[in-house]
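One-letter residues, chain by chain:
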Amino acid sequence: MTLGLAVGAYGLSFGAAAVTAGLTTVQACVLSLLLFTGASQFALVGVLGAGGGAVAGVAGALLLGTRNTLYAVRLATLLPVRGPRRILAAQLTIDETTGMATSAPPGLAGTAFWATGLSVYVLWNLATLLGAVGAARLGDPAALGLDAAVPAAFLALLAPQVRARNTLAVAAAGALLAATAIPLTPPGVPVLLAGLAVVPLLARPRPPA
Amino acid sequence: MIWTAVLVASLGCFLLKLAGWSVPARWLERDRLQRAAVLLPVALLAALVVVQTFAADRALVLDARAAGLAVAAALVLLRAPFLLVVVAAAATAALVRAW
């Protein structure tokens, strides 16, 4: 239930953000149907809305999408999915489904994965449509403060991931790199440059857990 | 151009998901790769917060969006639900602009 409310709210704000960024309602809905990864979708419309090129927008979406590859590796060890169903399972591989499947009691991982995946998919797409249609009718996005809703959404997504000191350092470094790059590079590029913030942490041997 | 970005990003992100289901697990079990995939979203999301709040084309600016973000940050620290954070940020920016 809580998950459903969160997904609905998140989808509503994505639909509104996409339209605010200059996408059509159809484009917003196609993103939710086909791309189906919240953070990547937000990144794409965020970069496009800020005047960044399509290449920078796509690159940002793909970099944020890499974590789904690792989710899929974990899920593949838990769930025996073969043949064409693997295509469907791949599309449903996101934060929420991985979280539910990996925390489900033994034997129920499959049920948790498919039930979560299908309900989040339906809810996410309905909410996107509502958000996009709503924002398209509301009028001037800036007067309503909708442009401020997008960074707030990113902050809310980021917060649960920066509880540890090293992730907090990466977030701070990423923010600083982006701020430095804004006056120096074309729109869209600062976000990609911020990815360099992870390099020092990769060069160091893993700290003891 | 937007359509191209929409379709290419969708295909790319789907292939990233499918790759994880299809390649042998040991290919992706390298420690650095794992950490990169966890840390990259953190760096990118932080950068997106900054860009979406303080960038106006290629200039750094302080406007109503910053007020919205400040309210959002306070609510995030109080562990407020997602929708409240987003709506409060928008309402704050709208109020500052209407002033």
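Up top is the structure.
**Student:** So what about the overall build of chain A? Which residues, and what values?
**Tutor:** Looking only at helices and strands, one finds eleven helices and zero strands in chain A. Listing every helix and strand of chain A by position from the N terminus yields α-α-α-α-α-α-α-α-α-α-α. Compactness check: chain A gives a C-alpha radius of gyration of 18 Å against a globular reference of 17 Å for 209 residues, within 12% of the reference. The C-alpha extent of chain A, read off along each of the three principal axes, is 50 × 50 × 30 Å. Long-range contacts, defined as pairs at least 24 residues apart, comprise 65% of the intrachain contacts of chain A with a sequence gap of at least 6.

**Student:** Which residues make up the nonpolar core, and what are the values?
**Tutor:** By size, the foremost hydrophobic cluster in this structure holds 107 residues, and its most contacted members are Ala149 and Ala152 of chain A together with Ala43, Leu44, Ala46, Ala47 and Ala89 of chain B. Tallying contributions element by element places helix H2 (residues 31-54) of chain B first for this core, with 15 residues.

**Student:** Could you give me a rundown of the interface of chain B and chain A, with the residues and numbers involved?
**Tutor:** Contact with chain B, which involves 66 residues of that partner, is made by 84 residues of chain A. Put simply, the parts of the chain that give the side of chain B that touches chain A at least two residues each are helix H1 (2-22), H2, strand E2 (59-60), helix H3 (64-77) and helix H4 (82-98) of chain B. In the side of chain B that touches chain A, the residues fall into 49 nonpolar, nine polar and eight charged.

**Student:** A description of helix H4 (residues 54-78) of chain A should follow, citing residues and the corresponding values.
**Tutor:** Residues and elements named next belong to chain A. Counted at 1.5 Å a residue, the expected span for H4 with its 25 residues is 36 Å, and the 36 Å between its end C-alpha atoms agrees. The largest bend along H4 measures about 30 degrees and falls at Leu64. In terms of burial, H4 is largely enclosed, as 18 of its 25 residues are buried.

**Student:** Explain the packing of helix H8 (residues 146-158) of chain A against H3 of chain B to me, using residue names and the numbers behind them.
**Tutor:** The packing of two helices is summarised by the inter-axis angle and the distance between the axes. Following both chains from N to C, one finds H8 of chain A and H3 of chain B inclined at 30 degrees, their axes separated by 9 Å at the closest point. Taken together, the axis directions place H8 of chain A and H3 of chain B in an arrangement best described as roughly parallel. Of the two possible hands of crossing, H8 of chain A and H3 of chain B adopt the one that is right-handed. Contact residues: H8 of chain A offers Asp147, Ala148, Pro151, Ala152, Leu155 and Ala156 of chain A, while H3 of chain B offers Ala64, Arg65, Gly68, Leu69, Ala72, Ala73 and Val76 of chain B. Of the residues assigned to the contact of H8 of chain A with H3 of chain B, the class counts are ten nonpolar, one polar and two charged.

**Student:** Tell me about the packing of H4 of chain A against H1 of chain B, residues and numbers included.
**Tutor:** For the pair H4 of chain A and H1 of chain B, interaxial distance at closest approach is 7 Å and the crossing angle is 20 degrees. Of the possible angle classes, the one that applies to H4 of chain A and H1 of chain B is roughly parallel. Crossing geometry of H4 of chain A relative to H1 of chain B is assigned as right-handed. Class assignment for the residues of the contact of H4 of chain A with H1 of chain B results in 16 nonpolar, eight polar and one charged.

How each quantity is defined
- Residues numbered from 1 in each chain as written.
- Chains lettered and ligands numbered in written order.
- Predicted model: local features only at pLDDT ≥ 70, side-chain atom pairs only at ≥ 80, totals over all residues.
- Helix = DSSP H or I, 4+ residues; strand = E, 2+ residues; numbered from the N terminus.
- Rg over C-alpha atoms; globule rule 2.2 N^0.38 Å.
- Contact = placed C-beta atoms within 7 Å.
- Core = buried A, V, L, I, M, F, W, Y, C linked by C-beta atoms within 7 Å.
- Buried ≥ 20, exposed ≤ 12 C-beta atoms within 10 Å, placed from the backbone.
- Nonpolar A, V, L, I, M, F, W, Y, C, P; charged D, E, K, R; others polar.
- Expected span 1.5 Å × (residues − 1).
- Bend = angle between axes of the 7 residues up to and from the residue.
- Axes fitted to C-alpha atoms, helices over the stretch in contact; angles between N-to-C directions.
- Parallel < 35°, antiparallel > 145°, perpendicular 65-115°, else oblique.
- Left-handed = near helix turned anticlockwise from the far one by under 90°.

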